[in-house]
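As a plain string of letters, each chain reads:
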Amino acid sequence: MNSILPTNELCYGGDWNPEQWPAETVREDIELMREAGVNLVTLGVFSWAKLEPRPGHYNFAWLREIMDQCAAAGIYVDLATGTASPPVWMARQYPESLPVDEAGVRLSFGSRQQYCPSNPAYKERSVALAGALAREFADHPALVMWHINNEYGCHVHGCYCTACEGEFQAWLREKYGSIEALNHAWNTSFWSQTYNDFTDVYLPRKMPAQHNSSQVLDHARFADSQLRGLCIAEVQKVREVDPSIPVTTNFMGEFPFTNGREWAKHLDVVADDSYPDPALAGSAHEVAFTSALMRGYRGGQPFLLMEQTPGAVQWRPENSPKRPGQLALWSLSRVAHGADGVLHFQWRQSPGGAEMMHSAMVAHAGKNAQTWAEVVQLGQYLHRLTPVVGQRVQARACIVADWESMRARAAVVGPDSLPPAMHGARAWHRTLWEMNIVADVVGIDDDLAGYDLVIVPELFIDYPHFSARLQAEAERGAQVLVAAPTGVVDEFGRAILGGYLGSLSNLLGVRVTQHAVASPNAQRWNIPNLDEVDPRVDRITRAVQVPAKQGFHNLEVRSEELKRALDQIGTPRPNPRGGERAEYVMATSEASDFTDPMWLNDEVEVMAQFGYESDLGGWPAITRRRIAKGSAWYVATDLDATGRAALARVLGAFARLDMSGMTLPDGVERVTRGPVTFYMNHSDKAVQLSGVTGFDLISQADATGHAVLAPRSAMAILSR
Ligand code: GLA
Ligand code: ZN
């Protein structure tokens, strides 16, 4: 897969909804697209009502006219199959095509994504529409890619109707074969849940108390596979007509309800929709992290940023616009991290409807809006970056992120109940990113041979086959770091018995015997004033200390390497618990999730241990076991940013990673992709760089050693 466009350029453009506009606006749009350097538009995402106004009656003439205009203007088309929002006739004629929520409420027509994935009418009509569009347009000169549906599952993660219940039962029968196997996997002898037959099993609807977590986990997998089935059916249909046209659908980062890595196997191009909040400093990292996630889906293959917004979104409670320069800066950052194109939602801001206040490349004020100049400028920049098209980002560090683990952790009731997200993967990726170390985000089935540092930050499910592979990586010389919570349940969501970490225990040389969650927001179980203390009168309560309520544990560092790393980081941050502190301490995050006392075998070196003022005092917190040429490290707690940074410096030295990027000025990110090295200044200040030589593709000028980067701007240096 080389380039999406026959011109071999980076893609630039957005979702275009000409069906909302009169012909003269469409003509103006084409002119403006040329002015902005747009070379790819996504058409028809929400056009089903216009493409098939009555069941079986297709109206494609208007679309052909627009595609012809695109072709004439040199603009390529990513044509949507239009199946994301069925028309009103579907709802009226097939009311059971409307999805049902967990409480049994059937959702109404009048928004979007109102379909039940098991509904025969929806399945049949959506695939038929995809097929009809493929037959009509496969030969069209503007067409370069199929865009299947849109953001599967974004609003309706699962449908709870009786048809879906039947499909769930069939899926379970296929998976387990016998009801006894299901009863065992779900541990249904608990709370008298034993099933006699697959037809007994319910969907995990609203229930009196907590759900069976294995049932929830299997349901999440089922709901995902149902949506994936819809996507695959459309993919097959358009490939029947012409298998050479690449196929994509747009993901939403680490969206927990669809396992993007699985989906990507069925597609040709990985595409992502991403809306980092300009009001958060951490959004610069969000861009890098989600990009690494996307390029990791297909072994480093470049991806497409299918949607971002040129300014503000409209769906947050308060919606900050992008800051001056940020549109280009974040777009270039995507490209640096592996995107072969940057598209937007949307081309022209809607005149009405739910997304009227969502920004667009062409705002309500047209070219008068501030964004327009930035949109034109971004087009110019992207056209100058042709040398990176098809190039891969090189990384010697990777983070292993596992969807099933994320889901399993969310499904299990306790020890904490955080919303599903790749907490650990994000945290460790951020640590490396702050050091300008490029890290890939990979899955448990990916090849790890090229990595000198492998971080496994939260593999909640124990996978014996993966543990064996990690062992081999450590033996050949990699530094393998595993962090809690890992190895807590098996693939069915049943607890690992005999000590967590399961099959990783041998590699790490440690065993986890218990969890200890720190609870900064200790719940009072609805009893007011339970924890209020008047020290003058509460003679007993005033004497009770509750370390878990502090929300963190201090670690005493024993390793000389870690001490040196902490010295380099500089002034120790104040002991959050106040009072005396040891010379070298690391604090775990205040939102510490799990802290794991361990049992050691004697080859294991304790790098840091929990401080004695904590209930975990003396238990190892960071360990290292040397194995052949490499090492296996275990971190038994959720380290805070300082702790991760110190440890990453030590790991980086062992893995011989290039850490020179740490000395770049504050705010500057450096990434190399193919022949181009990007320098991105995320800060609000101009920065001076030295030792930068080559041709800057952005400014089209030579860099001769000394360079100045304006606030929120970037350079892309082509090496000679
Ligand atoms: C999603 C959808 C778009 C639009 C944007 C708004 O990404 O795919 O249709 O609703 O959100 O941010
Ligand atoms: Zn349903």
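Residues numbered from 1 in each chain as written. Chains lettered and ligands numbered in written order. Predicted model: local features only at pLDDT ≥ 70, side-chain atom pairs only at ≥ 80, totals over all residues. Heavy atoms only, no water.

Colleague: Help me out: how do you make sense of the site of ligand 1 in this one?
Modeller: Ligand 1 sits among Phe 46, Arg 112, Asn 150, Glu 151, Asp 273, Tyr 275, Glu 307, Trp 315, Phe 345, Glu 355 and His 358. Between ligand 1 and the protein, one listed contact pairs an oxygen atom with a side-chain N or O atom of Arg 112 at 2.9 Å. Its free accessible area being 310 Å², ligand 1 has 96% of it covered by the protein chains. (Near = heavy atom within 4 Å. Polar contact = N/O pair within 3.5 Å; in protein donor to acceptor, adjacent residues only side chain to side chain. Areas by Shrake-Rupley, 256 points an atom, 1.4 Å probe, with all protein chains shown as cover.)

Colleague: Can you help me understand the UniProt feature "active site" (unreviewed entry) in the protein chain in this one?
Modeller: Within the UniProt annotation, "active site" (unreviewed entry) is assigned to Glu 151 and Glu 307. A maximum C-alpha distance of 10.5 Å places the annotated residues, which cover 157 residues in sequence, within one compact spot. Looking at where Glu 151 falls in the secondary structure, it is placed in the loop between β4 (143-147) and α6 (162-176). Glu 151 gets classed as buried once you look at its relative accessible area, which sits at 9%. Setting aside its immediate chain neighbours within four residues, Glu 151 contacts Gln 113, Asn 250, Met 252, Asp 273 and Glu 307. Positionally, Glu 307 belongs in strand β8 (residues 303-307). Look at Glu 307 and you get buried, because its relative accessible area is 5%. When neighbours within four sequence positions are excluded, Glu 307 is seen to be in contact with Asp 15, Asn 150, Glu 151, Asn 250, Asp 272, Asp 273, Ser 274, Tyr 275, Leu 343, His 344 and Phe 345. A polar contact is formed between the side chain of Glu 307 and the side chain of Asn 250, at a distance of 3.3 Å. (UniProt positions renumbered as here; feature names shortened; annotations may be inferred. Helix = DSSP H or I, 4+ residues; strand = E, 2+ residues; numbered from the N terminus. Buried < 20%, exposed > 50% of the residue type's maximum accessible area, 1.4 Å probe, protein only. Contact = heavy atoms within 4.5 Å.)

Colleague: What am I meant to see in the packing of aromatic side chains here?
Modeller: For any pair of aromatic rings, the description rests on two quantities: the centre-to-centre distance and the angle between the ring planes. Applying the stated criterion across every chain, the model contains 20 aromatic pairs. Relative to Tyr 122, the ring of Tyr 115 has its centre 4.1 Å away and its plane inclined at 0 degrees; by these criteria the two rings are stacked. Judged by relative accessible area, Tyr 115 falls into the buried class, the value being 3%. When its relative accessible area of 1% is taken as the criterion, Tyr 122 is described as buried. Taking the centre distance of 6.5 Å and the plane angle of 90 degrees together, the rings of Phe 251 and Trp 263 count as edge-to-face. Residue Phe 251 is found in strand β6 (residues 250-251), and its partner Trp 263 is found in helix α9 (residues 260-264); the two are separated by 12 residues along the sequence. The buried category is assigned to Trp 263, whose relative accessible area is 2%. (Phe/Tyr/Trp six-rings, centres within 6.5 Å; stacked < 30°, edge-to-face > 60°.)

Colleague: Quick question: what am I supposed to make of the pattern of salt bridges here?
Modeller: Opposite charge on two side chains permits pairing when their charged atoms draw close. Taken as a whole and judged by the stated rule, the model has 37 salt bridges. A salt bridge links Arg 673 to Asp 340, with the shortest nitrogen-to-oxygen separation between them at 2.6 Å. Remark: Asp 340 occurs in strand β9 (residues 339-344) and Arg 673 occurs in strand β21 (residues 668-673); sequence separation between them is 333 residues. Arg 673 sits in the buried class, given a relative accessible area of 0%. Ionic pairing is found between Arg 536 and Asp 534, a salt bridge with its closest N-O pair at 2.8 Å. A relative accessible area of 71% places Arg 536 in the exposed class. Overlapping salt bridges, with partners in common, bring together Lys 175, Asp 218, Arg 221, Asp 224, Arg 228, Glu 404 and Arg 407 in one network. (Salt bridge = Lys/Arg side-chain N within 4 Å of Asp/Glu carboxyl O.)

Colleague: So what exactly am I meant to see when it comes to the state of the cysteines here?
Modeller: In a disulfide, the sulfur atoms of two cysteines are held together by a covalent bond. The tally for this structure, following the rule as stated, stands at zero disulfides. Not engaged in a disulfide, the cysteine Cys 11 finds its nearest cysteine sulfur in Cys 70; these two sulfurs lie 14 Å apart. (Disulfide = S-S within 2.5 Å.)

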